[in-house]
Amino acid sequence: MCYWSCTSTLLIYFTGNELQSLDSPGKCSLFVGDWVPYQGEPLYTNNSCSFIEEHQNCMKNGRPDKDYLYWRWSPLGCELPRLEPETFLELMRNKSLALIGDSISRNHVQSLLCMLSTVENAVQVYHDEEYRSRRWIFPSYSFTVSVIWSPFLAKALIFEDMNGVSTSEIELHLDELDQSWTNQFDSFDYMIFSSGKWFIKGTIYYEDNQILGCHYCPKRNFTELGYNFAFRRVIKNVFDYIIQSKHKGMIFYRTLTPDHFENGQWFSGGTCNRSSPSKGGEFELNEMDEYLRNIELSEFEKASDKASENGVKLKLFDVTNLSLLRPDGHPGPYRFFQPFANGKTGKVVNDCLHWCLPGPIDYWNDLLMEMVKDTH
């Protein structure tokens, strides 16, 4: 099966609760296509939106090129309209939306807030101590948007500061889901779950509060189980919870977003200096991401039929392929303010995972609007 890129003429993709092939007449996949030149302007700028974090504010931080702003996602076999903020807010009147995951979910929610705030400013009504979990409301529409920090979707003790420096391995309970989202699960009308990247970090695994093994713990005398073992176990538990919930809203599972480090990783001088989209086949998922993607797709396929039988609306939000084609959309060195000003030549850590705002991630919201429209 071809999950994310294909050289043959037959493409297979997930849509809704079934697999379809693109050679079927009248079928359209929102998630298979190409980036094409776009003559319009972004719905917002770094000056018009106050929700952009400094690390994703590429224009303010001095990124000199702007070509990355002028491409739009064009699905194969259909036209994808741009998100219409007022229409989206009307569709979501008296509803609630939660994005549950890691910092990419935060990146995504900021993009959505920027787009919707061109109609009405979102008002923050909650934040946790570290501002990682937050909630906003669009008062005129009684529409709430939440982002819930839960990088594993399971119970985890994380000994890491905001700069990613760890003092010890993560302690992950494979058999316990994170109450930060399960305690609120029934209160949301729409949810977008995602996970993946954090499983690659050094982690000790627990089950029944007993150490089961670990991933990358060379100083410990524990069994190396591998990140793929833990990811499959947790994702299966998440889907089982959703399936058994009888939830009457709409639940999306967003697939992982790839990074585009070249000539190294973030800690070894890796960069992302591209200024235009790539073509299919030019970039491939790295080995770890490919394992994660295969796991999430196979577990989703198992879960989708069961969810449908239980009356639970579970859909795949597959951004991996379209994101893989955008190596030009990351902050790179411009996660920092003016990194090369006044002749600076020192080493700069690049961000080739998160997305500039505005930038390619805005098109995730075009996809979201189409999927929301399908639920009405």
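Residues numbered from 1 in each chain as written. Predicted model: local features only at pLDDT ≥ 70, side-chain atom pairs only at ≥ 80, totals over all residues. Heavy atoms only, no water.

1. Thoughts on the pairing of strand β4 (residues 71-75)
Part 1 of the reasoning: With 4 of 5 residues buried, β4 lies mostly within the body of the structure.
Part 2 of the reasoning: Two strands pair when backbone bridges link them, and strand β3 (residues 33-37) and β4 are joined in this way by 5 bridges, in the antiparallel orientation. Across the sheet, residue Val 36 finds its bridge partner in β4, namely Arg 72. (Buried < 20%, exposed > 50% of the residue type's maximum accessible area, 1.4 Å probe, protein only. Helix = DSSP H or I, 4+ residues; strand = E, 2+ residues; numbered from the N terminus. Pairing = 2+ DSSP bridges.)

2. So, the nonpolar core
Across soluble globular proteins, you tend to see nonpolar side chains buried next to one another.
Part 1 of the reasoning: In terms of nonpolar packing, the biggest core is built from 50 residues, with Phe 88, Leu 97, Phe 138, Phe 143, Phe 317 and Leu 368 touching the most fellow members.
Part 2 of the reasoning: Those elements giving two or more residues to this core turn out to be α1 (85-91), β5 (96-101), α2 (103-116), β7 (134-138), β8 (143-149), β11 (190-193), β14 (250-254) and α7 (362-373).
Part 3 of the reasoning: With sequence-adjacent residues up to four places away left out, Phe 88 is seen in contact with Leu 83, Leu 112, Leu 116, Phe 143, Leu 368, Met 369 and Val 372.
Part 4 of the reasoning: Residues Trp 198, Val 234, Ile 243 and Ile 295 belong to the second largest nonpolar core, which totals 40 residues. (Core = buried A, V, L, I, M, F, W, Y, C linked by side-chain atoms within 4.5 Å. Contact = heavy atoms within 4.5 Å.)

3. A look at the sheet that holds β7
Part 1 of the reasoning: Here 7 strands make up an open sheet; going across it, the order is β6-β7-β8-β5-β11-β14-β15 and the pairing mixed. Lying at the two open borders of the sheet, with one neighbouring strand each, are β6 (123-127) and β15 (313-317). Direction aside, neighbouring strands of the sheet carry axes that sit 20 degrees apart on average.
Part 2 of the reasoning: In this sheet, β11 lies alongside β5 in parallel orientation, the contact comprising 4 bridges. Across the sheet, Leu 99 pairs through a bridge with Ile 192, a residue of β11.
Part 3 of the reasoning: Sheet strands in contact with helix α5 (residues 287-309) are β14 and β15, and its direction is about 155 degrees off that of β15. (Axes fitted to C-alpha atoms, helices over the stretch in contact; angles between N-to-C directions.)

4. Section: α5
Part 1 of the reasoning: Taking 1.5 Å per residue, 23 residues should reach 33 Å; α5 reaches 34 Å between its end C-alpha atoms and fits that length.
Part 2 of the reasoning: Considered for burial, the residues of α5 that qualify are Asp 289, Leu 292, Arg 293, Ile 295, Glu 296, Leu 297, Ser 298, Glu 299, Phe 300, Ala 303, Ser 304 and Ala 307.
Part 3 of the reasoning: Its side-chain oxygen 3.2 Å from the backbone nitrogen of Met 288, Asn 286 forms the N-cap of α5.
Part 4 of the reasoning: Note on α5: the residue one or two positions beyond its end, Gly 311, has a positive phi of about 75 degrees. (Expected span 1.5 Å × (residues − 1). Polar contact = N/O pair within 3.5 Å; in protein donor to acceptor, adjacent residues only side chain to side chain.)

5. Side note on the state of the cysteines
Part 1 of the reasoning: The final tally for this structure, using the stated rule, is 4 disulfides.
Part 2 of the reasoning: Through a disulfide, Cys 58 is tied to Cys 356; the S-S separation comes to 2.0 Å. With the S-S dihedral at roughly -90 degrees, the linkage between Cys 58 and Cys 356 falls on the left-handed side. Of the two residues, Cys 58 sits in the loop between β3 and β4 while Cys 356 sits in the loop between α6 (320-324) and α7, which places them 298 residues apart along the sequence.
Part 3 of the reasoning: Here Cys 214 pairs with Cys 217 through a disulfide, and the sulfurs are 1.7 Å apart. Between Cys 214 and Cys 217, the disulfide has an S-S torsion of -50 degrees and is therefore left-handed. The exposure classification of Cys 214 matches that of Cys 217, with both residues buried. (Disulfide = S-S within 2.5 Å.)

6. Some thoughts on the confidence of the model for the protein chain
Part 1 of the reasoning: Of the residues in the protein chain, 93% have a pLDDT of 70 or more, and the chain-wide mean is 92.
Part 2 of the reasoning: Within the model, the stretch residues 1-25 combines pLDDT values under 50 with 57 contacts to residues more than four positions away or in other chains. (pLDDT = per-residue confidence, 0-100.)

7. Remarks on α7
Part 1 of the reasoning: With 12 residues, α7 should cover 16 Å at 1.5 Å per step; its first-to-last C-alpha distance of 17 Å lies within 8% of that length.
Part 2 of the reasoning: In terms of burial, α7 is largely enclosed, as 11 of its 12 residues are buried.
Part 3 of the reasoning: Within the sequence span of α7, burial applies to Asp 362, Tyr 363, Trp 364, Asn 365, Asp 366, Leu 367, Leu 368, Met 369, Glu 370, Met 371 and Val 372.

8. Some thoughts on a nonpolar patch on the surface
Part 1 of the reasoning: Residues Trp 266, Phe 267, Phe 336 and Val 349 make up a contiguous nonpolar surface patch of about 400 Å² in total accessible area.
Part 2 of the reasoning: Tracing the backbone shows Val 349 in the loop between α6 and α7. (Patch = residues over 30% accessible without salt bridge, like charges linked within 9 Å, V, L, I, M, F, W, Y side chains within 5 Å. Areas by Shrake-Rupley, 256 points an atom, 1.4 Å probe, with all protein chains shown as cover. Salt bridge = Lys/Arg side-chain N within 4 Å of Asp/Glu carboxyl O.)

9. Focus: the pairing of β8
Regular strands show a simple pattern: their side chains alternate between the two faces of the sheet.
Part 1 of the reasoning: β8 sits mainly inside the fold: 7 of its 7 residues count as buried.
Part 2 of the reasoning: Side chains Phe 143, Val 145, Val 147 and Trp 149 of β8 all project onto a buried face; the interleaved residues Thr 144, Ser 146 and Ile 148 project onto the opposite face, where all are buried too.
Part 3 of the reasoning: Relative to β8, β5 runs parallel, the two being bridged by 6 bridges. Each bridged residue has a counterpart across the sheet, and for Leu 99 the counterpart in β8 is Val 147.
Part 4 of the reasoning: Of the pairings in the sheet, the one linking β7 to β8 comprises 5 bridges and is antiparallel in character. Residue Ile 137 lies in a different strand from β8, and its bridge partner there is Thr 144.
Part 5 of the reasoning: What sits between β7 and β8 in their antiparallel hairpin is a turn of 4 residues, with Ser 142 showing a positive phi close to 50 degrees.

10. As for the sheet that holds strand β9 (residues 154-157)
Part 1 of the reasoning: In spatial order, the strands read β9-β10-β12-β13; together these 4 strands make up an open sheet with mixed pairing. Edge strands, defined here as strands with exactly one partner in the open sheet, are β9 and β13 (210-215). In this sheet, adjacent strand axes meet at a mean angle of 30 degrees when their direction is disregarded.
Part 2 of the reasoning: Inspection of the sheet shows strand β12 (residues 203-207) paired to β13 by 5 bridges, in the antiparallel sense. For Thr 203, the partnering residue across the bridge sits in β13 and is His 215.
Part 3 of the reasoning: Across the sheet, helix α4 (residues 227-244) is in contact with β9, β10 (170-177), β12 and β13; its angle to β10 comes to roughly 35 degrees.

11. Brief notes about the packing of aromatic side chains
Part 1 of the reasoning: Under the criterion given, the structure shown has 19 aromatic pairs.
Part 2 of the reasoning: Between Phe 51 and Trp 136, the aromatic rings sit 6.4 Å apart at their centres with planes inclined by 90 degrees, giving edge-to-face as the arrangement. Here Phe 51 is found in the loop between β3 and β4, whereas its partner Trp 136 is found in strand β7, with 85 residues between them in sequence.
Part 3 of the reasoning: Taken together through their ring pairs, the aromatic side chains of Trp 149, Phe 152, Trp 198, Phe 199 and Phe 231 make up a single cluster.
Part 4 of the reasoning: Sitting above the plane of the Tyr 68 ring, Arg 63 keeps its charged end 3.8 Å from the centroid.
Part 5 of the reasoning: Taking the ring centre of Trp 149 as reference, the NZ or CZ of Arg 132 above it sits at 4.4 Å. (Phe/Tyr/Trp six-rings, centres within 6.5 Å; stacked < 30°, edge-to-face > 60°. Lys NZ or Arg CZ within 6 Å of the ring centre and 35° of its normal.)

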